[in-house]
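Examination of the molecular architecture
The lines below spell out each chain.
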Amino acid sequence: VNDTLGHSFGDVLLIKVAERLSSTVNEDILVARFGGDEFIILLPEISCTDEVVSFADKLIKRFREPWHINGYDLFSTISVGITIYPRDGSDIVELLKNADMAMYKAKEMGKNNYQFYKPSMREKIIERSELEKSLHRAILNNEFILEYQPQFDIEENRIVSLEALIRWAHPTKGLIPPSAFISLAEETGLISEIGSWVMETACREMKALHDYGYKGLMVSINISSVQLQKEGFVDLVKDILERTGLEPQYLELEITESLMIDNFDDNIAILNELKKLGIKISLDDFGTGYSSLNYLKQIPLSTLKIDKSFITDIEKDSAQKFIIEAIISLAQKIGLEVTAEGVESVEQFKYLKELHCDRVQGFLVSKPEPASKLVAMLESGSKVL
Ligand code: C2E
Ligand code: CA
Ligand code: CA
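Residues numbered from 1 in each chain as written. Chains lettered and ligands numbered in written order. Predicted model: local features only at pLDDT ≥ 70, side-chain atom pairs only at ≥ 80, totals over all residues. Heavy atoms only, no water.

Secondary structure assignment for the chain yields 15 helices and 16 strands. Here the C-alpha atoms of the chain give a radius of gyration of 27 Å, more than 25% beyond the 21 Å that 2.2 N^0.38 yields for 385 residues. Counting only C-alpha atoms, the chain reaches 80 × 45 × 45 Å along its principal axes. Burial statistics for the chain: of 385 residues in total, 42% are counted as buried. Considering only intrachain contacts with a sequence separation of at least 6, the fraction spanning at least 24 residues in the chain is 63%. Accessible surface computed for the chain: about 20,700 Å², of which carbon and sulfur atoms make up 52%. Charge centroids of the chain, computed over 42 positive and 61 negative side chains, lie 2 Å from each other. (Helix = DSSP H or I, 4+ residues; strand = E, 2+ residues; numbered from the N terminus. Rg over C-alpha atoms; globule rule 2.2 N^0.38 Å. Buried < 20%, exposed > 50% of the residue type's maximum accessible area, 1.4 Å probe, protein only. Contact = heavy atoms within 4.5 Å. Areas by Shrake-Rupley, 256 points an atom, 1.4 Å probe, with all protein chains shown as cover. Lys, Arg positive; Asp, Glu negative; His and termini not counted. Charge placed at Lys NZ, Arg CZ, Asp CG, Glu CD.)

Shown next as structure tokens:
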């Protein structure tokens, strides 16, 4: 309201909020403005938590009514965090701090709701901030490593590509999988730095394999939408290719459909620029998101990766088999190659071969391995199947 209608308008709204809050409670109850748009209500005597619940419900209901200010009709939301003495804190400072945490939880849950404080809220916040701190340290100390998982071409009967997968070699906790830190890295923006490191390292290590004699091998790198949308991403990729000497046609970037939710047009423009450089784009985890066939035409893709969850039941579920068959033939008709992810058994491999899937990736061929084991993996790669 301050930004769009001005501060004096915001001040009037605050006064109206204060009036409405006061009129919701009895006279002996304290209502105070704490700061900004935060208010405190102190219910001095309650007999049970149900009483608090019905009070919170009443508050939320009253805030659904519009505000009439200077001829405008405005709507607002309310988020309520609740602490109870002495259960949730022995003094006012602690009660307020914990109520604040509960209020943020209410905001997170989509606003217009109330949340009681729970100790797990504090633990989660502490855990998160610890993780964030150690992630900063990990970047400074170079605690990340890459492992590579092969993509096996069924017709050519050999490994044609390696997907780079990051791990965090934590000094005390051991190897931490990406699922434990990538989303925090995205939320905090640290993903840009981590992602640049991944790309530079993967390109350099792939170039070394080319020089060793594995010319023609491709490297796939997972790109988060935060990275792609950061100003200068295309230049960064160009720089890294130049510095490492890897030719662009050997680089493939894996993106997910979620990338397409916002800024669709901008993202398509960036992907088209990358394609012009000769870089390939593949769509990861296909089948878990929107699976929009419409997107498939619009994104400049070269590969579709069918998610592991589709492959798992391929032997047992005949409907599943038909779905995969349809996806493969449709993708191939519009000029895409298809990689099946998470292939673990010979039976799954056989089905996929029957369905004319182009490539498979999964534990059947190999689990992800560090760079030091790649030559041995590539040597034995074609003997696996
Ligand atoms: P993803 O891109 O779908 O990667 C495939 C995941 O499936 C990998 O898990 C891999 O180890 C696992 N996998 C491969 N074959 C099999 C199999 O046969 N069976 C089973 N059960 N699992 C298999 P990982 O390495 O833990 O990576 C998880 C996710 O983290 C990746 O999913 C990717 O989305 C993300 N990730 C990994 N590295 C990076 C990175 O450098 N940058 C970004 N932004 N995300 C990354
Ligand atoms: Ca991937
Ligand atoms: Ca995947």
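Before going further, it helps to spend a moment on the site of ligand 1. Every one of the 20 residues lining ligand 1 counts as a neighbour, but Gln149, Arg167, Asp284, Glu344 and Phe363 are closest to it. Glu163 places a side-chain nitrogen or oxygen 3.2 Å from an oxygen atom of ligand 1. Across the complex, the protein chains shield 79% of the 810 Å² of accessible surface that ligand 1 would expose by itself. Among the detected pockets, ligand 1 sits in the second largest pocket. Mapped onto the shell around ligand 1, the elements with two or more residues apiece are strand E8 (158–170) and strand E12 (280–286). Of all the elements, E8 adds the most residues to the shell around ligand 1, at four residues. Taken together, the residues that form the shell around ligand 1 break down as eight nonpolar, five polar and seven charged. (Near = heavy atom within 4 Å. Polar contact = N/O pair within 3.5 Å; in protein donor to acceptor, adjacent residues only side chain to side chain. 1 Å grid on protein atoms, 1.4 Å probe; cavity = no way out; pocket = protein on both sides within 12 Å on 5 of 7 lines; lining within 4 Å. Sits in = over half its atoms within 2 Å of the grid points. Nonpolar A, V, L, I, M, F, W, Y, C, P; charged D, E, K, R; others polar.)

Donor atoms from the polypeptide that bind the calcium ion (ligand 2) are Glu163 (OE), Asn222 (OD1), Glu254 (OE) and Asp284 (OD), placed at 2.1 to 2.3 Å. Coordination of the calcium ion (ligand 2) draws on donor residues from a single chain, spaced E-x58-N-x31-E-x29-D in sequence. Between the calcium ion (ligand 2) and the calcium ion (ligand 3), the interatomic distance is 4.0 Å, and Asp284 donates to each metal, bridging them. On the criterion of sequence distance, the pair formed by Glu163 in strand E8 and Glu254 in strand E11 (residues 251–255) is long-range, its members being 91 residues apart. (Donors = N, O, S within 2.8 Å, 3.2 Å for Na, K, Ca; no water.)

Distances from the calcium ion (ligand 3) to its protein donors, Asp284 (OD), Asp285 (OD), Glu341 (OE) and Glu341 (OE), fall within 2.1 to 2.6 Å. Between consecutive donor residues of the calcium ion (ligand 3), the sequence gaps follow D-D-x55-E. In this structure Asp284 comes out as buried when scored by relative accessible area, which is 8%.

What follows is about the pattern of salt bridges. Counting across every chain of the model gives 19 salt bridges. Notably, a salt bridge pairs Glu156 with Arg158, separated by 2.8 Å at the nearest N-O pair. Given a relative accessible area of 41%, Arg158 falls into the partly exposed group. (Salt bridge = Lys/Arg side-chain N within 4 Å of Asp/Glu carboxyl O.)

Attention now goes to a nonpolar patch on the surface. Judged by side-chain polarity, Leu293, Leu330 and Ile334 come together as a nonpolar surface patch covering roughly 250 Å² of accessible area. In this structure, Leu330 sits in helix H13 (residues 318–333). (Patch = residues over 30% accessible without salt bridge, like charges linked within 9 Å, V, L, I, M, F, W, Y side chains within 5 Å.)

Here H13 contains 16 residues, and its C-alpha end-to-end distance of 23 Å stays within 8% of the 22 Å for a straight helix at 1.5 Å per residue. As for H13, its buried residues are in contact with E12, strand E13 (303–306), helix H12 (308–312), strand E14 (337–340) and helix H14 (346–354). Sitting at the head of H13, Asp317 places a side-chain oxygen 3.1 Å from the backbone nitrogen of Ala319. Directly after H13, the chain includes Gly335, whose backbone phi takes a positive value near 90 degrees. (Expected span 1.5 Å × (residues − 1).)

For the rest of this paragraph, the subject is unusual backbone geometry. Omega for the bond connecting Tyr85 with Pro86 falls within 30 degrees of zero, at 0 degrees, which places this linkage in the cis form. Mapped onto the elements of the fold, Pro86 is located in the loop between strand E5 (79–82) and helix H4 (92–108). Phi at Lys111 takes a positive value of approximately 65 degrees, unusual for a residue other than glycine. If you trace the backbone, Lys111 turns up in the loop between H4 and strand E6 (113–116). Its identity as a non-glycine residue notwithstanding, Asp285 has a phi of 55 degrees, on the positive side.

Overall, the coordinates contain 10 aromatic pairs when judged by the stated rule. On the basis of an interplanar angle of 85 degrees and a centroid distance of 5.4 Å, the ring pair of Phe9 and Tyr72 is categorised as edge-to-face. Here the residue Phe9 occupies a position in helix H2 (residues 7–24), and Tyr72 occupies one in strand E4 (residues 72–74), the gap between them amounting to 63 residues. Relative to Phe349, the ring of Phe152 lies with its centre 6.4 Å away and its plane at 65 degrees, an arrangement referred to as edge-to-face. Of this pair, Phe152 sits in strand E7 (residues 144–153) while Phe349 is found in helix H14, placing the two residues 197 residues apart along the sequence. Here the two residues Phe152 and Phe349 agree in accessibility, since each one is buried. (Phe/Tyr/Trp six-rings, centres within 6.5 Å; stacked < 30°, edge-to-face > 60°.)

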